[in-house]
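If you want the building blocks of each chain, they are given just below.
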Amino acid sequence: MDEEESHGSDTARRICVGIATYDDFDATWFTIQAIRLYQHAPGVMISFVVVDNHPEGPESAALRKLELSIPELTYVPFSAFSGTAVVDVVFQHADAEVVCCLDSHVALAPNALAVMNDWFADHPRSLDLLQGPLLNEDLTVASTHLQRCWGSGMFGTWATDERVYSADREPFEIDMQGLGFFACLKSTWPKLNPRLRGFSVNEGYLHEKIRKGGGRVLCHPALGWLHRFARPRGIPYPNSLLDRARNYYIAWREIGWDPVSIDRHFTDLLGDEAEAATLLSFARHQANNPTGFFDGVVCLARDGRDCGAHHHPASLSWRIEKLGERAEELAEVETTWLFASALRYSVGRGYRHLLIVGAGSGTSDDVLNRLDPSVLERERWDLCVVHSGEDIATSERSGSKSSAELKLSALAGLAITRRAMLEILEDLPAGRDGITAFIAHWGSLERYLASTLTNFQVVTLAVDELDGPAPITATHPPSIFRIQTIGMAAASAAIVVLTLTSCRSETPSPTPSFSRGGDVIPTMPPPLVEPTSNHRGIDLPPAATTTRPPAPPSLSPSVSPHRSR
């Protein structure tokens, strides 16, 4: 057997080093160049993926230029959201089966990549997460793992297993470890919860996902890594206790861990029960918001402004993923371009379903906060139209039955499953010139949708102020934007669940007939009491006069994190 056969396929003879960075050019440059100079793995190609999580920042131009001088490097700008969970984007763009993820400020022990390559060559179908001991600045072993204890607003405290000093230097199983350095196969990466934002909670959470997938978490004594913790110029990225608490609620709920210790630790950390109660109440409210059902939430910013200029409620704004560059063409071309970009982005991210929201208004926000995800869990659906109430009132005042007059911008939201996204993307051109021609043919994105996706099984949840919510079923397939409603006040909301049965019907849709079903009550988080200030002297806006959730307090960590990006 020759050497190539003994190490598996050509893909297994490649290692992709992935780095997600945020305004940290100097450290990223030194980390990459140190690997190129000193990490030699005979017969192995080493490539790099650098995910820039602040591509509009002051250091991005220099970071982008690395792609020109280092042929094996791929630069990926990513501004949809910020946080440690963008490590998922590294795996999305990795060009090798073995993926080694590093913080942008980590140095590896000599021969670390060669040792890693040999290990995966011997375990080509590994489900494991391979890590190594953290080194002190004097290069002695600092920690081989993390214990399940809280400290400084994070779960996990450093500890050392004596097996790291064993003469055989064999990997041993650990519970969890800091994630400044780890490696696994791209095909076995479990993906992180797409709802995580800001400074995340991957330690413990990722390790448990690996175990639930049948893998182990291993510490290899030869894979030492040195992490720069000091930040003399401060931390450039958002790092709030609200993000951390919310992320813990989301992540631990996914893996089935008890959240009681989250509340206890943050209460102890803040030292003020009232402030902790406010923080945790907002965190739970955001984590439990009904829009959490959807893997992704994007804003179709049609009004010529960036989404950041819109007034989405605090319960939703933290989740919205920004689409990046905007078109300069006519409004319909811009809208369709953004719509297509949202779908392609979501397919690339592996989302099962996407919620597209508009610019945000009081009525729309209230509707989104009153969604009942259980409807979507019970029904088989491909598209879900969420009416704002304003669109229905406008249609009733005009007396028009034209589907083209109900614009996407008037909806509270439009949810699309992955299968429907793929169907629609078959028709949407990839380039702006193609989009321009597409709009010249169809006139608008709405006309395309109404004319092309016509055969649906419809389930409607109408929210009526007098009668309460009740499902309405339709036995005939209406056009998407010609939904009839029963017993609805002018300002009430309708949730329409549509099942895509045929994407190419040429016959017009008959008028649907509706029948009442049983009561379904949307879940709403308990009302929150809005504080006016906190003990850090941060002024908060006055109490809202509507029933929408108030804006959360701007709470920053009172101590520096003991683990950093």
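All of these numbers come straight from a predicted model, not from anything done at the bench.

A short note on the pairing of strand S15 (residues 296-299)
- Residue alternation in S15 divides its side chains into two sets, Gly296 and Val298 and Val297 and Cys299, and both sets are buried.
- Bridge count for S15 against strand S16 (residues 320-321) is two bridges, and the pairing is parallel. Within S16, the residue paired with valine 297 across the bridge is isoleucine 320.

Observations regarding the packing of helix H7 (residues 241-255) against helix H9 (residues 273-287)
- Viewed as axis vectors pointing N to C, H7 and H9 meet at an angle of 50°, and their least axial separation amounts to 8 Å. Judged by the angle between their axes, H7 and H9 are oblique. You can see that H7 and H9 cross each other, and the crossing is right-handed. Packed against H7, whose contacting residues are Leu241, Leu242, Ala245, Arg246, Tyr249, Ile250 and Arg253, the element H9 presents Leu279, Leu280, Phe282, Ala283, Arg284, Gln286 and Ala287 at the interface.
- Broken down by class, the residue content of the contact of H7 with H9 amounts to 10 nonpolar, one polar and three charged.

Section: the nonpolar core
- In this structure, Tyr248, Trp252 and Phe266 are the most contacted members of the largest nonpolar core, which totals 63 residues.
- The element contributing the most residues to this core is H7, with nine residues.
- Residues contacting tyrosine 248, with those up to four places away along its chain left out, are Trp150, Gly153, Met154, Phe155, Val201, Arg253, Ile262 and Phe266.
- Ranked by size, the runner-up nonpolar core spans 35 residues in total, among them Val17, Ile70, Leu73 and Leu102.

Observations regarding the packing of helix H11 (residues 331-349) against helix H16 (residues 432-442)
- Contact pair H11 / H16: the axes reach a minimum separation of 9 Å and the direction vectors enclose 120°. Between H11 and H16, the angle falls in the class oblique. The element H11 and its partner H16 pack so that their crossing is right-handed. Of H16, the residues touching H11 (which contributes Glu332, Val333, Thr336 and Trp337) are Arg432, Ile435, Thr436, Phe438 and Ile439.
- Of the residues in the contact of H11 with H16, the class split is five nonpolar, two polar and two charged.

A word on the pairing of strand S19 (residues 411-417)
- Burial analysis of S19 places seven of its seven residues in the buried class, the great majority of the element.
- Relative to S19, strand S17 (residues 353-357) is paired through five bridges, and the arrangement is antiparallel. Note on S19: the bridge partner recorded for isoleucine 356 is leucine 414.

Considerations on the sheet that holds strand S7 (residues 134-135)
- Overall, mixed pairing links the four strands, which are arranged S5-S14-S7-S8 in an open sheet. Here the strands that pair on one side only, and so sit at the sheet edges, are strand S5 (106-108) and strand S8 (141-143).
- Where S7 lies against strand S14 (residues 225-227), two bridges are found, and the strand directions are parallel. Note that in S14 the partner of leucine 135 across the bridge is leucine 226.

Overview of the packing of aromatic side chains
- Under the definition given, this model contains 23 aromatic pairs.
- Ring centres of tryptophan 150 and tyrosine 248 lie 4.8 Å apart, and the angle between their planes is 65°; this geometry places the pair in the edge-to-face category. Here tryptophan 150, found in strand S9 (residues 145-151), pairs with tyrosine 248, found in helix H7; they are 98 residues apart in sequence, far enough to count as distant.
- With centroids separated by 5.6 Å and ring planes inclined at 45°, the aromatic side chains of tryptophan 150 and tryptophan 252 adopt a geometry described as tilted. Separated by 102 residues along the polypeptide, tryptophan 150 in strand S9 and tryptophan 252 in helix H7 bring together distant segments of the chain.
- An aromatic cluster of at least three residues, connected via ring pairs, comprises Trp150, Phe155, Tyr248, Trp252, Trp257 and Phe266.
- The cationic tip of arginine 432 hangs over the ring face of tryptophan 337; the distance from NZ or CZ to the ring centre is 4.3 Å.

A short note on the state of the cysteines
- In this structure the tally under the stated criterion is zero disulfides.
- We note that cysteine 184 lacks a disulfide partner, and the nearest cysteine sulfur, in cysteine 101, lies 7.0 Å from it.
- We classify cysteine 184 as buried; its relative accessible area is 1%.

Conventions adopted
Residues numbered from 1 in each chain as written. Predicted model: local features only at pLDDT ≥ 70, side-chain atom pairs only at ≥ 80, totals over all residues. Heavy atoms only, no water. Buried < 20%, exposed > 50% of the residue type's maximum accessible area, 1.4 Å probe, protein only. Helix = DSSP H or I, 4+ residues; strand = E, 2+ residues; numbered from the N terminus. Pairing = 2+ DSSP bridges. Axes fitted to C-alpha atoms, helices over the stretch in contact; angles between N-to-C directions. Parallel < 35°, antiparallel > 145°, perpendicular 65-115°, else oblique. Left-handed = near helix turned anticlockwise from the far one by under 90°. Contact = heavy atoms within 4.5 Å. Nonpolar A, V, L, I, M, F, W, Y, C, P; charged D, E, K, R; others polar. Core = buried A, V, L, I, M, F, W, Y, C linked by side-chain atoms within 4.5 Å. Phe/Tyr/Trp six-rings, centres within 6.5 Å; stacked < 30°, edge-to-face > 60°. Lys NZ or Arg CZ within 6 Å of the ring centre and 35° of its normal. Disulfide = S-S within 2.5 Å.

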